[in-house]
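# Chain and residue survey
Single-letter residue listing:
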Amino acid sequence: PAPDVLAALGTAEELWTEVLERGVRAPGFRVVREGTTLTRGSVTRRAGMGNRSLTDVVAPNRVLEEHERGATVVLQGIHQTVPRLARTTTNLALDLDQRAQVNAYLSPASSRGLDLHFDHHDVVVVQLGGEKRWRVWDRLDRARHPVRGAPDMALPTFDEVGDPAVDRVLRPGDCLLIPRGCPHAPETVDRES
């Protein structure tokens, strides 16, 4: 993408600020290690707001500890809380006449956050920093037309997908389009991503 697009998306440091300093709440973030999402209670804390007690506020020290142990921090729907992303996302949604959502994945080196899976929507990956290996496979017959909310579809397994159609390490500025229903498996290599 153009440098101004990368600038609009931000840096890893700015994304960490979202997590550690702005009191993000679940489900605006989650922490994933080797395909398993950690329980909310393990990475959140209680906080008061007026006369209400919140139980889903990020616990920065716990999130950092889990990241150091190899977990990926996922910021979900950050266009809702970051104004510059709101404008970019709204414009993209209007141009495509489709809903759009921005997520960010902060992954330590030599780790795998998400397991082999497919999404019910197209995915556009923009690598902001570090490196991440992406393997993408052709759709399985059962995932030709995945629809969110339809009966659960079994996740793909490495035994059934064969050789990947794409096996590439993305570096800052690289982009990758993954059509809905295509199994994919991201993992960091020597550097955090």
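Just so you know, the residues in each chain are numbered from 1, in the order the chain's sequence is written. Given that the model is predicted, a residue must reach a pLDDT of at least 70 before its local features are reported, and side-chain atom pairs must reach 80 or more before they are shown or counted; all residues, however, enter totals for whole chains, interfaces and linings. Only hydrogens and water are removed before side-chain values are computed, so all heavy atoms of the structure are retained for them.

All right, on to the pattern of salt bridges then. Basic side-chain nitrogens of Lys or Arg form a salt bridge, by our definition, when they fall within 4 Å of a carboxyl oxygen of Asp or Glu. If you walk through the whole model with that rule in mind, you get twelve salt bridges. Close ionic contact of R22 with E18 constitutes a salt bridge, the shortest N to O distance being 2.1 Å. Using a relative accessible area of 54% as the deciding quantity, one classes R22 as exposed. Exposure classes here rest on a 1.4 Å probe applied to the protein chains alone. A residue is buried below 20% of its type maximum, exposed above 50%, and partly exposed in between. Among the residues examined, E18 registers a relative accessible area of 7% and is labelled buried. Note that R25 and D56 form a salt bridge whose closest N and O atoms lie 2.8 Å from each other. In this pair, R25 sits in the loop between helix 2 (12-21) and strand 1 (29-33) while D56 sits in strand 4 (residues 52-58), placing the two residues 31 residues apart along the sequence. Of the residues examined, R25 reaches a relative accessible area of 36% and is grouped as partly exposed. Overlapping salt bridges bring together R133, R135, D167 and E187 as one network. Only runs of H or I of at least four residues qualify as helices and only runs of E of at least two qualify as strands under DSSP, and these elements are numbered from the N terminus.

Here the focus is the packing of aromatic side chains. Only rings of Phe, Tyr and Trp enter the pairing, Trp through its six-membered ring, and a pair is recorded when the two centres are within 6.5 Å. The plane angle decides the type: under 30 degrees is stacked, over 60 is edge-to-face, the rest tilted. With the rule as written, the count across this model stands at one aromatic pair. Seen in terms of ring centroids, W137 and F158 are 5.8 Å apart; in terms of plane orientation they differ by 75°. Their pairing is edge-to-face. Residue W137 is located in the loop between strand 8 (132-136) and helix 5 (158-161), and its partner F158 is located in helix 5; the two are separated by 21 residues in the primary sequence.

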